[in-house]
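Structural features, examined
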Amino acid sequence: MAYDEELAERIRELIAPGPELTEQKMFGGLAFLIGGNMAVAASGQGGLLVRVGPDEGERLLGDAAQPMVMGGREMVGWLRVTAVDDDEVLREWVERGVAYARTLPPKKKK
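Small disclaimer: the values here were computed from a predicted structure and weren't measured. Every chain begins its residue count from 1, and numbering advances along the sequence as written. Where local features are concerned, this predicted model is filtered to residues with pLDDT of at least 70; where side-chain atom pairs are given and counted, the filter is 80 or more; whole-chain, interface and lining totals use all residues. Hydrogen atoms and water are omitted, and side-chain values are computed over all heavy atoms in the structure.

1. Here we look at the overall build of the protein chain
Along the backbone of the protein chain there are 3 helices and 6 strands. Secondary structure is summarised from DSSP: a helix means a run of H or I of at least four residues, a strand means a run of E of at least two, and numbering begins at the N terminus for each. Of the regular secondary structure in the protein chain, the N- to C-terminal order runs α-β-β-β-β-α-β-β-α. Radius of gyration here is computed from C-alpha atoms only, and the compact-globule reference equals 2.2 Å multiplied by the residue count raised to the power 0.38. The C-alpha atoms of the protein chain give 13 Å as radius of gyration, which agrees with the globular expectation for 110 residues (13 Å, within 12%). Taken over the C-alpha atoms alone, the protein chain extends approximately 35 × 30 × 25 Å along its principal axes. Put simply, 51% of the contacts in the protein chain that link residues at least 6 apart link residues at least 24 apart. Should any heavy atoms of two residues lie within 4.5 Å, those residues are considered in contact.

Below you can see the structure in the form of structure tokens.
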């Protein structure tokens, strides 16, 4: 399944462009990276992938947010959010992912 291009465009509109922002196809989706660290992605399996603090992930789980599973393993600090039709809800998740990515040291460019 290809990622939702409409969702990717909605994410793009929410993230302020800047030199630290890059987009990269990853995991069958389109990831938005801040300083080389993934913040959010339009998932190839549907919905939004959001990077959060490892301690925050458990607290945020609910009907719309589930742990991200890759290779049969839950990824700590990553959530899959399926209810992103509402623009304000999407904004909150994107802002959360971007804020966390900005706390991480920038990755060196290859």
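2. As for helix α3 (residues 87-103)
Taking 1.5 Å per residue as the helical rise, α3 with its 17 residues ought to reach 24 Å, and the 25 Å between its terminal C-alpha atoms agrees with that figure. Each residue's exposure class comes from its accessible area (1.4 Å probe, protein chains only) as a fraction of the maximum for that residue type: buried when under 20%, exposed when over 50%, partly exposed otherwise. Listing the buried residues of α3 in full gives Leu90, Trp93, Val94, Gly97, Val98 and Ala101. Axial view of α3: buried residues confined to an arc of 130 degrees, hence all on one face. Polar contacts, as used here, are pairs of N or O atoms within 3.5 Å; protein pairs need one atom able to donate a hydrogen and one able to accept it. Residues neighboring in sequence count only if both atoms are side-chain atoms. At the N-terminal boundary of α3, the capping side chain belongs to aspartate 86, with an oxygen 2.9 Å from the backbone nitrogen of glutamate 88. Here, expected helix span is obtained from the residue count minus one, scaled by 1.5 Å. The arc under discussion is defined with respect to the helix axis, by the directions toward the C-beta atoms.

3. Re the environment of alanine 2
Topologically, alanine 2 is positioned in the segment before α1 (5-14). Judged by its relative accessible area of 62%, alanine 2 is exposed. A C-alpha to C-alpha distance of 16 Å links alanine 2 and arginine 80, two positions 78 residues apart in sequence.

4. Concerning the sheet that holds strand β1 (residues 21-26)
To summarise the sheet geometry, strands pair through backbone hydrogen bonds and adopt either a parallel or an antiparallel arrangement. The rule for pairing is simple: two strands pair if DSSP sees at least two bridges between them. Strand order in the open sheet formed by 6 strands is β1-β2-β3-β4-β6-β5, and the pairing between neighbours is antiparallel. Strand pairing shows two members of the sheet lacking a second neighbour, β1 and β5 (65-70), which therefore form its edges. When strand polarity is set aside, the average angle formed by the axes of neighbouring strands in this sheet is 35 degrees. Alignment of strand β4 (residues 48-51) against strand β6 (residues 73-81), held across 4 bridges, turns out to be antiparallel. Counterpart to leucine 48 in the pairing with β6 is valine 81. For helices, the fitted line uses only the C-alpha atoms of the stretch in contact; every axis is such a line through C-alpha atoms, and the angle between N-to-C directions lies from 0 to 180 degrees. The strands touched by α3 are β2 (29-34), β3 (37-42), β4, β5 and β6; relative to β3, the strand with the most contacts, the crossing angle is about 160 degrees.

Such coordinate-based values are descriptive only and should not be taken to indicate function.
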